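Given next are the chains, with one letter for each unit.
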Amino acid sequence: MRIINWKTKAAAAFCALAVILAAAAFYRNLLWKSDIPLWLDVVEKSAVNARARNNLGFAYYESGQNDAAIEEYMAALNLKPDFVDAYNNLGVVFYETGRPLEAIRVYEKALAINPYFAKGRNNFGTAYFTAGMLTEALREYTEAVRLDPASVKAHNNLGVGYYALGRFDEAIEEFSISLRLDPVFVESRYNLGMAYMKKGFFGEAARELEATLLIDPRHERARSALSALKVNPAQ
């Protein structure tokens, strides 16, 4: 998922790392194509179908029509106020359009309904992180990992939280866990290299940055960091 860089204190200080927002929960279970005409047809036939309004919102979101997506998610929530997936999806749009405080309010509502919603916890943490609320972000990422120990993204994001607080050993541990779960998850590979660099482990940093470029040859942040490391390995 695309990450937006906001000019908050936290984002400015740690824009070299990537916080990954979990995908909308319903998307993984969606059997039909995310297609606007298809879902418009369903909604026209049954305007009180909350799931159809949610899915239409996601189709709009995928096509870049964020205002229309928000309208449909709101309609879904008016029809079904305990619809956690719709809250999650609404929070994603707020987050990606630079409105982290609104995303925080949305995730608060979602998690009041279902405190065990791991993806929501992860996304809640990301909204906090973007707003510069690092302690709160770390709390939510930690809970997300507890609820879903196999979440590659949550471990990566917890590592980013530790990195942002200067806790590099713990960051390295979380990025390593993420990579044990998915060895080709490129952002954790890159983030691990950057954390090694902060620790002064330049050989390990170069290894991870080179591995990042093997996974994604177009990863410009890794290429730039590796070039700088080779020019001045003690930076």
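Quick look at the structure, then. (Residues numbered from 1 in each chain as written. Predicted model: local features only at pLDDT ≥ 70, side-chain atom pairs only at ≥ 80, totals over all residues. Heavy atoms only, no water.)

Along the polypeptide, Asp-82 turns up in the loop between α4 (66-79) and α5 (84-96). For Asp-82, a relative accessible area of 43% corresponds to the partly exposed category. Remark: the alpha-carbon pair of Asp-82 and Ala-110, spanning 28 residues in sequence, is separated by 7.7 Å. (Helix = DSSP H or I, 4+ residues; strand = E, 2+ residues; numbered from the N terminus. Buried < 20%, exposed > 50% of the residue type's maximum accessible area, 1.4 Å probe, protein only.)

This next bit is on helix α7 (residues 118-130). Taking 1.5 Å of rise per residue, the 13 residues of α7 would be expected to cover 18 Å, and the 19 Å separating its terminal C-alpha atoms lies within 8% of that figure. Burial analysis of α7 places 12 of its 13 residues in the buried class, which makes it a mostly covered element. For α7, the full list of buried residues reads Ala-118, Gly-120, Arg-121, Asn-122, Asn-123, Phe-124, Gly-125, Thr-126, Ala-127, Tyr-128, Phe-129 and Thr-130. One or two positions beyond α7, positive phi appears at Gly-132, with a value near 80°. (Expected span 1.5 Å × (residues − 1).)

In contact at an axis separation of 10 Å, α7 and helix α9 (residues 152-164) are set at 30° when each is read in the N-to-C sense. In terms of orientation, α7 and α9 fall into the roughly parallel class. As for the relative orientation of α7 and α9, their crossing is left-handed in sense. Here Asn-122, Thr-126 and Phe-129 of α7 lie close against α9, whose contacting residues are Lys-153, Ala-154, Asn-157, Val-160 and Ala-164. Of the residues contributing to the contact of α7 with α9, the split by class is four nonpolar, three polar and one charged. (Axes fitted to C-alpha atoms, helices over the stretch in contact; angles between N-to-C directions. Parallel < 35°, antiparallel > 145°, perpendicular 65-115°, else oblique. Left-handed = near helix turned anticlockwise from the far one by under 90°. Contact = heavy atoms within 4.5 Å. Nonpolar A, V, L, I, M, F, W, Y, C, P; charged D, E, K, R; others polar.)

Of note, Leu-56 is situated in helix α3 (residues 50-62). Classification of Leu-56 by relative accessible area gives buried; the value is 1%. If we skip the residues at most four places from it in the chain, Leu-56 touches Ile-36, Trp-39, Leu-40, Val-43 and Glu-72.

A complete count under the given rule lists 13 salt bridges for this structure. We note a salt bridge from Glu-102 to Arg-99, for which the minimum N-O separation is 2.8 Å. Its salt-bridge partner being Glu-208, residue Arg-189 comes within 2.9 Å of it at the nearest N-O pair. One end of the pair, Arg-189, is in helix α11 (residues 186-199); the other, Glu-208, is in helix α12 (residues 202-215), and 19 residues separate them in sequence. Summarising the burial analysis for this pair, Arg-189 and Glu-208 share the class buried. (Salt bridge = Lys/Arg side-chain N within 4 Å of Asp/Glu carboxyl O.)

Here we come to the packing of aromatic side chains. With the rule as written, the count across this model stands at five aromatic pairs. Following the ring pairs from residue to residue traces out a cluster consisting of Tyr-107, Phe-124 and Tyr-128. Across the ring face of Tyr-190, the terminal group of Arg-221 is positioned such that the distance to the ring centre comes to 4.9 Å. (Phe/Tyr/Trp six-rings, centres within 6.5 Å; stacked < 30°, edge-to-face > 60°. Lys NZ or Arg CZ within 6 Å of the ring centre and 35° of its normal.)

The subject of this paragraph is the side chain of His-219. Relative to the assigned elements, His-219 resides in the loop between α12 and α13 (220-231). Relative accessible area serves as the criterion here: at 4%, His-219 is assigned to the buried category. At 3.3 Å, the side chain of His-219 forms a polar contact with the side chain of Arg-221. If we skip the residues at most four places from it in the chain, His-219 touches Val-186, Glu-187, Tyr-190, Thr-212 and Leu-213. (Polar contact = N/O pair within 3.5 Å; in protein donor to acceptor, adjacent residues only side chain to side chain.)

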